[in-house]
Amino acid sequence: MRIEGPYDYDNTPMCQNAIGATKLQPFPAAEADNSPQEKNSFDSPGEELLAPPLNFSMVDYGVFRSGFPEPANFSFLRTLGLRSIIYLCPEPYPVANAEFLKANGIRLFQFGIEGSKEPFVNIPEDSIREALEIVLDEKNRPLLMHCKRGKHRTGCLVGCLRKLQRWCLTSIFDEYQRFAADKARVSDQRFIELFEISSLKESCVPVSSSKGQ
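Our subject in this report is the structure included herewith. Values in this document were obtained by computation on a predicted structure and should not be read as measured data.

### Some thoughts on helix α6 (residues 186-194)
Turning to step 1, where the next piece is worked out: All of the buried residues in α6 are S187, D188, Q189, F191 and I192.
Turning to step 2, where the next piece is worked out: The inward-facing, buried residues of α6 contact α3 (125-136), α4 (152-164) and α5 (169-180).

Encoded structure:
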């Protein structure tokens, strides 16, 4: 595992919901003399668009998942008030992304899990376990976990978290398949099913209720 930081994130903005953050402006009434109407605020040149990364979703309170964030997603990520990012790929983090983390006081935890394809798949259980411990540590949240597409490596990590949250396997696999779609792997689901959670602290699970029992 590679860790960058820590940075001073005590002054990081509090987590806020990006949805609905921009209020819709009422349309101006039509003028009888056909004079030009007011320009809608969305057309303002200074308006900043908030675009989430590929496959972005909320996993639990203060825990998010996605594919690899691009610079176009940075404004959206800033609204989450992130303290940490779990990066599940072996490739070096791009300079632009690393600079964004430093500027916003976000700590990077990198786990070099290879993006292997079936049938030669070797998911390192120790890496998933270490990543889970970071997710469960409250001081690391709000947190984003991501790989390249937000499907397989991220799906395995989320699936193992769901086991710790006492979700039934049917619900865990439904969630995994929703993100992996036609790229779903039997080996990933088998890994989740066999993953042993007994050594992890259930008291740290960031959830108020279980699903699928």
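### Points about the packing of α3 against α4
Turning to step 1, where the next piece is worked out: Running from amino to carboxyl end, α3 crosses α4 at an angle of 65 degrees, the nearest separation of the two axes being 10 Å. Seen from above, α3 lies across α4 with right-handed handedness. Side by side, α3 and α4 meet where I128, A131, L132, V135 and L136 of the first sit next to L157, C160, L161 and L164 of the second.
Turning to step 2, where the next piece is worked out: Residues belonging to the contact of α3 with α4 are distributed by class as follows: 9 nonpolar, no polar and no charged.

### Regarding the pattern of salt bridges
Turning to step 1, where the next piece is worked out: Counting across every chain of the model gives 3 salt bridges.
Turning to step 2, where the next piece is worked out: Of the charged contacts, one joins E125 and R129 as a salt bridge, the two residues approaching to 2.7 Å between their closest N and O atoms. In this pair, E125 and R129 both sit in helix α3, 4 residues apart, roughly one turn of the helix.
Turning to step 3, where the next piece is worked out: Using a relative accessible area of 33% as the deciding quantity, one classes E125 as partly exposed.
Turning to step 4, where the next piece is worked out: For R129, a relative accessible area of 15% translates into the label buried.
Turning to step 5, where the next piece is worked out: We note a salt bridge from K139 to D137, for which the minimum N-O separation is 2.5 Å.
Turning to step 6, where the next piece is worked out: Exposure remark for K139: the relative accessible area of 46% places this residue in the partly exposed category.
Turning to step 7, where the next piece is worked out: For D137, a relative accessible area of 26% translates into the label partly exposed.

### Side note on the packing of aromatic side chains
Turning to step 1, where the next piece is worked out: Taken as a whole and assessed by the stated rule, the structure comprises 7 aromatic pairs.
Turning to step 2, where the next piece is worked out: Judged by centre distance (5.7 Å) and plane angle (20 degrees), the ring pair of F56 and F64 falls under stacked.
Turning to step 3, where the next piece is worked out: With a centroid separation of 4.7 Å and an interplanar angle of 55 degrees, the aromatic rings of Y87 and Y93 are classed as tilted. Here Y87 and Y93 have matching classes, each one buried.
Turning to step 4, where the next piece is worked out: Members of the aromatic cluster, connected to one another through ring pairs, are F56, F64 and F76.
Turning to step 5, where the next piece is worked out: When the ring centre of F179 is taken as origin, the NZ or CZ atom of R65, which lies over that ring, is 3.7 Å away.
Turning to step 6, where the next piece is worked out: The ring of W167 has R162 sitting right over it, with the charged end atom 4.1 Å from the ring centre.

What counts and what doesn't
- Residues numbered from 1 in each chain as written.
- Predicted model: local features only at pLDDT ≥ 70, side-chain atom pairs only at ≥ 80, totals over all residues.
- Heavy atoms only, no water.
- Buried < 20%, exposed > 50% of the residue type's maximum accessible area, 1.4 Å probe, protein only.
- Helix = DSSP H or I, 4+ residues; strand = E, 2+ residues; numbered from the N terminus.
- Contact = heavy atoms within 4.5 Å.
- Axes fitted to C-alpha atoms, helices over the stretch in contact; angles between N-to-C directions.
- Left-handed = near helix turned anticlockwise from the far one by under 90°.
- Nonpolar A, V, L, I, M, F, W, Y, C, P; charged D, E, K, R; others polar.
- Salt bridge = Lys/Arg side-chain N within 4 Å of Asp/Glu carboxyl O.
- Phe/Tyr/Trp six-rings, centres within 6.5 Å; stacked < 30°, edge-to-face > 60°.
- Lys NZ or Arg CZ within 6 Å of the ring centre and 35° of its normal.

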